[in-house]
Amino acid sequence: MSFARVRALVVVGVLAVAAVVFVITALVKDSQGGVTNGQDCPAGAPLADVTLPDDPAEVTIKVLNGTDRAGLAESVTNEFKNRRFTVQKPAESKTKYKGVAEIRFGPDAVGRAQLLRAYFLAQSKMEYSAKRKGAVIDIVIGNEFRQLATTTEVNQSLVEVGEPTLPPGACVKPVKKKDEDS
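Just so we're clear, the structure is a prediction, and the values are computed from it rather than from any experiment.

Rules of the game
- Residues numbered from 1 in each chain as written.
- Predicted model: local features only at pLDDT ≥ 70, side-chain atom pairs only at ≥ 80, totals over all residues.
- Heavy atoms only, no water.
- Helix = DSSP H or I, 4+ residues; strand = E, 2+ residues; numbered from the N terminus.
- Rg over C-alpha atoms; globule rule 2.2 N^0.38 Å.
- Buried < 20%, exposed > 50% of the residue type's maximum accessible area, 1.4 Å probe, protein only.
- Pairing = 2+ DSSP bridges.
- Right-handed = clockwise from strand over helix to strand, strands pointing away.
- Phe/Tyr/Trp six-rings, centres within 6.5 Å; stacked < 30°, edge-to-face > 60°.
- Polar contact = N/O pair within 3.5 Å; in protein donor to acceptor, adjacent residues only side chain to side chain.
- Contact = heavy atoms within 4.5 Å.
- Salt bridge = Lys/Arg side-chain N within 4 Å of Asp/Glu carboxyl O.

A. Geometry of the overall build of the protein chain. Assigned secondary structure in the protein chain consists of 6 helices and 8 strands. In terms of C-alpha radius of gyration, the protein chain reaches 24 Å, well past the compact-globule figure of 16 Å for 182 residues. In terms of overall dimensions, the protein chain has C-alpha extents of about 85 × 40 × 35 Å along its principal axes. In the protein chain, which comprises 182 residues, the proportion classed as buried is 32%.

The structure is reproduced here in structure tokens:
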């Protein structure tokens, strides 16, 4: 064997050993495992579901009219229903809202609320309440609302807003595997 081949084999060997050492070190010193598994979660902290739904039918919403425009909540509810969301009977909001929309949700609907945020092109105000129970999301439609985003706009908006973030003081809810559901 020539000297050049021996030298090349030594270099490749050293790189392979360095790569193995690097990978083992990264796995041993990984500090993110506890966060995703829900370890180190304070007692009594709400468990937040941060998974984005695969199907809009998994999202239950109640639309509230926060404007003086009559019938707005009903028309927005119908638009969401046509997009396969599960809807409850629309209602009037006790308070008026000036912005586009306010999305009110609790720990069980963090990921679902992120999906709804995309339908308002991230122009909505997100109102998280740790004490809120259930997965129903209230949407207060405001004076600046014009229309829901198209499917293409929703997909682009989802890319822009990114993955749902864990609310302050909450821990990640363990995800059920598909096999456990049946």
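B. Up close: the pairing of strand S6 (residues 125–128). In this sheet, S6 lies alongside strand S5 (residues 101–105) in parallel orientation, the contact comprising 4 bridges. Bridge pairing links Glu102 to Lys125 in S6. In this view, the connection linking S5 to its parallel neighbour S6 by way of helix H4 (residues 110–119) has right-handed handedness.

C. View of the packing of aromatic side chains. Overall, the coordinates contain 6 aromatic pairs when judged by the stated rule. Between Phe80 and Phe85, the ring centres sit 5.1 Å apart and the planes meet at 85°, which makes this aromatic pair edge-to-face. When its relative accessible area of 0% is taken as the criterion, Phe80 is described as buried. An aromatic cluster of three or more residues is present, and its members are Phe80, Phe85, Tyr119, Phe120 and Phe145.

D. Representation of the side chain of Thr77. Along the chain, Thr77 turns up in helix H3 (residues 72–82). The class for Thr77 is buried, based on a relative accessible area of 5%. In terms of polar contacts, Thr77 uses its side chain to reach the backbone carbonyl oxygen of Ala73, at 2.7 Å. Not counting residues up to four positions away in its chain, the partners in contact with Thr77 are Val63, Val87, Gln88 and Pro90.

E. Highlighting the environment of Thr95. Tracing the backbone through its elements, the reader meets Thr95 in the loop between strand S4 (91–92) and S5. Take Thr95: its relative accessible area is 48%, and that puts it in the partly exposed class. Spatially, the C-alpha atoms of Thr95 and Val12 are 69 Å apart, while their sequence positions differ by 83 residues. The residues contacting Thr95, other than those within four sequence positions of it, are Gly66 and Arg104.

F. Spotlight on the pattern of salt bridges. Evaluation of the coordinates by the stated rule reveals 8 salt bridges. In this structure, the salt-bridge partner of Asp108 is Lys173, at a minimum N-O distance of 3.7 Å. Linking Asp108 in the loop between S5 and H4 with Lys173 in the loop between strand S8 (171–172) and helix H6 (178–181), this pair joins segments that are 65 residues apart in sequence. Residue Asp108 is classed as partly exposed on the basis of its relative accessible area of 25%. For Lys173, a relative accessible area of 33% gives the class partly exposed.

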